[in-house]
Amino acid sequence: MRTQELAPAKINLALDILGRRADGYHELRMVMQTVSLCDVITVEERGTGFTLLTGEAFSLPADKVSMEQRAAEAFFAALGVPVPPLTVRLEKNIPAFAGLGGGSADVAALLRCLRRLYAAGMPDEALRAIGLTVGSDVPFCVSGGTSLAKGRGERLTDLPPLPVCQIVLCKPDFGISTPELFVLADGAVLSKRPDIAGLTAALQGGELTGVTDRLCNVFEEFLPERYQEVFRIKEILLAHGALNAAMSGSGPTVYGIFESAAEAQRAAEVLKKSYQQTYVAKPVKKLV
């Protein structure tokens, strides 16, 4: 038995932090969107135990249990059966530690593969619940599309799709510590929060500029000085025709939304001279 799934990246059209919860997590309110930059997951029942093949470009320490293995164990525990011998091949295209949800997308794609092979009748809600045991973004990545996400990101409400557009993604050559940003968030006084009601209304009306006018990520407001290159990338995107630009998740990837494919391509070509991890993508509709 063998099956394959695409694992699309995600961006945050809006990201707001409402405060720290009693369980230590932060209460979030976000509008999330899947995009066509994808990893590829292939699952085959063969070998011994659980084997994850990632290629030379992306590998895990030998003593670390991968998110994919944890997801497989949670999936078969929910079915009440042992994990069969599985070989999972991961083709990475989404940059790691980028704010694009690549790891969560891979886990979600694996779960969709496992459902197809072993539990075709499992409801989407049950699959998302399994995903939440592995990561907060996994429930969204299971379903994809355009969603309002609350709580840790697991309470999802479907939204109308993002209108047709081009999205340029650019990751600078550094990472940003997500825990560090959440610590800074606890002491931050925010001057601007996302207009999520207005953003939702723009999506409902199919108004691309209504969406782009409301892109907002509160992490940008207290980004440490050493990460200010994020704003330089935003300036380049805006100077080359982006309707607007924002950082995705906890960064450092910045995305710009374009009406024109030609302008998006030109902006990507300019950025690629300085930033190798630059991509042109499109919005992706619901996966399940």
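Residues numbered from 1 in each chain as written. Predicted model: local features only at pLDDT ≥ 70, side-chain atom pairs only at ≥ 80, totals over all residues. Heavy atoms only, no water.

**Student:** Mind showing me how you'd approach the side chain of S143 here?
**Tutor:** Residue position: S143 is located in helix α4 (residues 138-143). Under the relative-accessibility criterion, S143 is labelled buried at 4%. Ignoring sequence-local partners within four residues, the contact set of S143 consists of R128, K286, L287 and V288. (Helix = DSSP H or I, 4+ residues; strand = E, 2+ residues; numbered from the N terminus. Buried < 20%, exposed > 50% of the residue type's maximum accessible area, 1.4 Å probe, protein only. Contact = heavy atoms within 4.5 Å.)

**Student:** Explanation requested: the sheet that holds strand β10 (residues 254-258) in the structure shown.
**Tutor:** Within a sheet, neighbouring strands are paired by backbone hydrogen bonds and run either parallel or antiparallel to one another. Read across the sheet, 4 strands follow the order β9-β10-β7-β11 without closing on themselves; strand pairing throughout is antiparallel. Two strands close off the open sheet at either side, each with one partner strand: β9 (244-247) and β11 (277-281). The mean angle between the axes of side-by-side strands here comes to 20 degrees, regardless of whether they run parallel or antiparallel. Two elements, strand β7 (residues 166-171) and β10, share 5 bridges in a ladder whose sense is antiparallel. Bridging from a neighbouring strand, C170 pairs with V254 of β10. (Pairing = 2+ DSSP bridges. Axes fitted to C-alpha atoms, helices over the stretch in contact; angles between N-to-C directions.)

**Student:** How do you make sense of the nonpolar core when you look at a structure like this?
**Tutor:** A general trend in soluble globular proteins is that nonpolar side chains are found buried together. Among the nonpolar cores identified, the biggest contains 62 residues, and I17, V43, F75, L111 and L237 are the most heavily contacted of them. If one sorts the elements of this core by residue count, helix α2 (residues 102-118) sits on top with 9 residues. Residues within four places of I17 in sequence aside, it is in contact with H26, E27, L28, F182, A185, R193, V218, F219 and F222. (Core = buried A, V, L, I, M, F, W, Y, C linked by side-chain atoms within 4.5 Å.)

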